[in-house]
Amino acid sequence: MKISVLDIIKSELATNLTDGSVLFEAIKSYKPSEITISFLGVRRISTLFLNESIGQYAMNNATNIQELKFEYPAEKEMFSHKVDDVIENALMGDEYDTLVDNALLSM
């Protein structure tokens, strides 16, 4: 099943926490192997949005998150990198938080 971010959040800008929550609610009951998340028609995405939607979904489906498929606009190569980073960081959990805290302390 294809889930369109554009249709779910009704905006070309996937940038805020509320929209991230809306997407998460739309996908949370599906297994990763059952859906493809489409970012076609989306112009911008933020880490905040992705953490609230894809990151939270990844934490709830850590054992089989690699089965989740995505569709990205051809001209938005960075979308896939951002999504991959959010998933990786979500799966790291407390380890990621510690790395961020240590990096901030070293500044």
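So, here is what we can say about the structure in this document. (Residues numbered from 1 in each chain as written. Predicted model: local features only at pLDDT ≥ 70, side-chain atom pairs only at ≥ 80, totals over all residues. Heavy atoms only, no water.)

### Here we look at the side chain of serine 46
Okay, step 1: Examined against the element boundaries, serine 46 turns out to sit in the loop between β4 (44-45) and α3 (47-60).
Okay, step 2: Of the polar contacts made by the side chain of serine 46, one reaches the backbone nitrogen of phenylalanine 49; its length is 3.1 Å.
Okay, step 3: The residues contacting serine 46, other than those within four sequence positions of it, are Ala14, Thr15 and Asn16. (Helix = DSSP H or I, 4+ residues; strand = E, 2+ residues; numbered from the N terminus. Polar contact = N/O pair within 3.5 Å; in protein donor to acceptor, adjacent residues only side chain to side chain. Contact = heavy atoms within 4.5 Å.)

### Some details on the nonpolar core
Okay, step 1: In this structure, Val5, Ile27, Ile37, Phe39, Phe49, Leu50 and Ile54 are the most contacted members of the largest nonpolar core, which totals 24 residues.
Okay, step 2: Mapped onto this core, the elements with two or more residues apiece are α1 (5-9), α2 (17-27), α3 and α4 (77-92).
Okay, step 3: Those residues in contact with isoleucine 37 that lie beyond four places of it in its chain are Ile3, Val5, Ile27, Ile54, Leu68, Lys69, Phe70 and Glu71. (Core = buried A, V, L, I, M, F, W, Y, C linked by side-chain atoms within 4.5 Å. Buried < 20%, exposed > 50% of the residue type's maximum accessible area, 1.4 Å probe, protein only.)

### A word on the sheet that holds strand β3 (residues 36-38)
Okay, step 1: The sheet built from three strands is open, its strands ordered β1-β3-β5 with parallel pairing. Of all strands in the sheet, those with a lone pairing partner are β1 (2-4) and β5 (69-71), marking the two edges. Direction aside, neighbouring strands of the sheet carry axes that sit 25° apart on average.
Okay, step 2: Direction of pairing for β1 relative to β3: parallel, over a ladder of three bridges. Its bridge partner lying in β3, serine 4 is registered against serine 38. (Pairing = 2+ DSSP bridges. Axes fitted to C-alpha atoms, helices over the stretch in contact; angles between N-to-C directions.)

### A word on the packing of aromatic side chains
Okay, step 1: Following the criterion strictly, the structure yields four aromatic pairs and no others.
Okay, step 2: Where phenylalanine 39 meets tyrosine 72, the ring centres are 5.7 Å apart and the plane angle is 10°; that geometry is what we call stacked. Taken together, the positions of phenylalanine 39 in the loop between β3 and β4 and tyrosine 72 in the loop between β5 and α4 put the pair 33 residues apart, joining distant regions of the chain.
Okay, step 3: According to the relative accessible area criterion, phenylalanine 39 is buried, its value standing at 0%.
Okay, step 4: Ring geometry for phenylalanine 70 against tyrosine 72: centres 5.8 Å apart, planes inclined by 20°, an arrangement best described as stacked.
Okay, step 5: Overall, phenylalanine 70 belongs to the partly exposed group, its relative accessible area being 21%.
Okay, step 6: Here the aromatic cluster, defined as three or more aromatic residues joined through ring pairs, consists of Phe39, Phe70, Tyr72 and Phe79. (Phe/Tyr/Trp six-rings, centres within 6.5 Å; stacked < 30°, edge-to-face > 60°.)

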